[in-house]
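# A closer look at the structure
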Amino acid sequence: MLDCIFCKIVNSQIPSKKIYEDEELLAFHDIHPIARVHFMIIPKIHVDSLERCTAIHQPLLGKMLLLAPKLAKEQGLVNGFRTMINTGHGGGQEVYHLHVHVFGGDASMPRT
Ligand code: AMP
Ligand code: ZN
């Protein structure tokens, strides 16, 4: 996707603070963190949103979620963390390339 900011990060066309990379996934710090630690996990392939995922994406989604606790611990979130997947306009999604937010590390986390 030529116009997708996260595809550009995957292709190193724009910089990011990467914390993890493998053949399928990339993780990097959010540019506008909402907590002391805030990063996101994205697939390298372009998928618009969770709404666009099908059974084909099931292993990829599982891999993204299982990576969250591993990276959270590495980033110092030893007491837990929050995950968030904003989906579509109603879900407040701004970047239409699937991503899982992982954040935490502040004294308290508001209940949702
Ligand atoms: P949302 O689509 O609502 O889940 O939000 C997209 C998130 O991407 C926001 O938290 C932004 O701060 C973040 N973001 C946008 N551009 C960049 C970038 N170039 N590098 C890192 N994070 C970004
Ligand atoms: Zn993309």
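Think of each chain on its own: its residues are numbered from 1, step by step along the sequence as written. Chains carry letters from A onward and ligands carry numbers from 1 onward, assigned in written order. For this predicted model, a pLDDT threshold of at least 70 governs which residues receive local features, and a threshold of 80 or more governs which side-chain atom pairs are given and counted, while totals over whole chains, interfaces and linings are taken from all residues. The basis for the side-chain values is all heavy atoms of the structure; hydrogens and waters are excluded.

## Focus on the pattern of salt bridges
- What makes a salt bridge here is a side-chain nitrogen of Lys or Arg within 4 Å of a carboxyl oxygen of Asp or Glu, nothing more. The full count for this structure, using the stated rule, is 7 salt bridges.
- Its salt-bridge partner being Lys-63, residue Asp-22 comes within 3.2 Å of it at the nearest N-O pair. Placement of the pair is Asp-22 in the loop between strand E1 (18-21) and strand E2 (25-29) and Lys-63 in helix H2 (residues 58-74), with a sequence separation of 41 residues.
- Here Asp-22 falls in the buried class, since its relative accessible area comes to 12%. Numbered from the N terminus, helices here are DSSP runs of H or I no shorter than four residues, and strands are runs of E no shorter than two. Each residue's exposure class comes from its accessible area (1.4 Å probe, protein chains only) as a fraction of the maximum for that residue type: buried when under 20%, exposed when over 50%, partly exposed otherwise.

## What about the layout of surface pockets?
- One number sums up the size of the largest pocket: a volume of about 540 Å³.
- Along its surface, the largest pocket is lined by 23 residues, and Phe-6, Asp-30, Ile-31, His-32 and Met-40 are the ones closest to its centre.
- Contributing elements (two or more residues each) for the lining of the largest pocket: helix H1 (5-10), E2 and strand E3 (37-43).
- Here the lining of the largest pocket takes 3 residues from H1, the largest share from any one element.
- Lys, Arg, Asp and Glu make up the charged group, whereas Ala, Val, Leu, Ile, Met, Phe, Trp, Tyr, Cys and Pro make up the nonpolar group; the residues left over, Gly among them, are polar. Partitioned by chemical class, the residues of the lining of the largest pocket number 11 nonpolar, 9 polar and 3 charged. A pocket, in this scheme, is an open set of points on a 1 Å grid over the protein atoms alone with protein on both sides within 12 Å along at least 5 of 7 lines, while a cavity is a set where a 1.4 Å probe fits but cannot get out; residues line either one if an atom lies within 4 Å of a point. Grid points are joined across faces, edges and corners, and a volume is the space filled by probe spheres set on the points.

## Quick look at the coordination of the zinc ion (ligand 2)
- Donor criterion used throughout: N, O or S atom within 2.8 Å of the metal, extended to 3.2 Å for Na, K and Ca. Water excluded; incomplete-looking sites may result. All of the protein donors around the zinc ion (ligand 2) are Cys-4 (SG), Cys-7 (SG), His-46 (ND1) and His-97 (ND1); their distances to the metal are 2.1 to 2.3 Å.
- Taken together, the 4 donor atoms coordinating the zinc ion (ligand 2) and their angles of 105 to 116° define a geometry best described as tetrahedral.
- Owing to a relative accessible area of 6%, Cys-4 belongs among the buried residues under this scheme. Square planar and octahedral assignments, for four and six donors respectively, both demand that opposite donors be over 155 degrees apart and that all other angles lie between 65 and 115; tetrahedral needs four donors with all angles between 85 and 135 degrees, and anything else is irregular.

## Looking at the environment of Gln-75
- Tracing the chain through its elements places Gln-75 in the loop between H2 and strand E4 (82-84).
- Accessibility expressed as a relative area gives 25% for Gln-75, which makes it partly exposed.
- The spacing of Gln-75 and Leu-26 is 49 residues in sequence and 15 Å in space, taken between C-alpha atoms.
- Pairs of residues are marked as contacts when any of their non-hydrogen atoms sit within 4.5 Å. Contacts of Gln-75, omitting those with residues within four sequence positions, involve Ile-19, His-29, Val-37 and Phe-39.

## Quick notes on H2
- In this scheme, a helix's expected span is set at 1.5 Å multiplied by one less than its residue total. End to end, H2 covers 25 Å across 17 residues, agreeing with the expected 24 Å (1.5 Å per residue, within 8%).
- Of all the bends in H2, the largest measures some 25° and sits at Ala-68, one to four residues before the proline Pro-69.
- Buried within H2 are the following residues: Leu-60, Met-64, Leu-67, Ala-68, Leu-71 and Ala-72.
- In the core, the buried residues of H2 are packed alongside E1, E2, E3, E4 and strand E5 (100-104).
- At the C-terminal side of H2, Gly-76 shows a positive phi close to 95°. At any given residue, the bend is defined as the angle formed between two axes, one fitted to the seven residues that end at that position and one fitted to the seven that begin there.

Shape descriptors only; they carry no functional weight alone.
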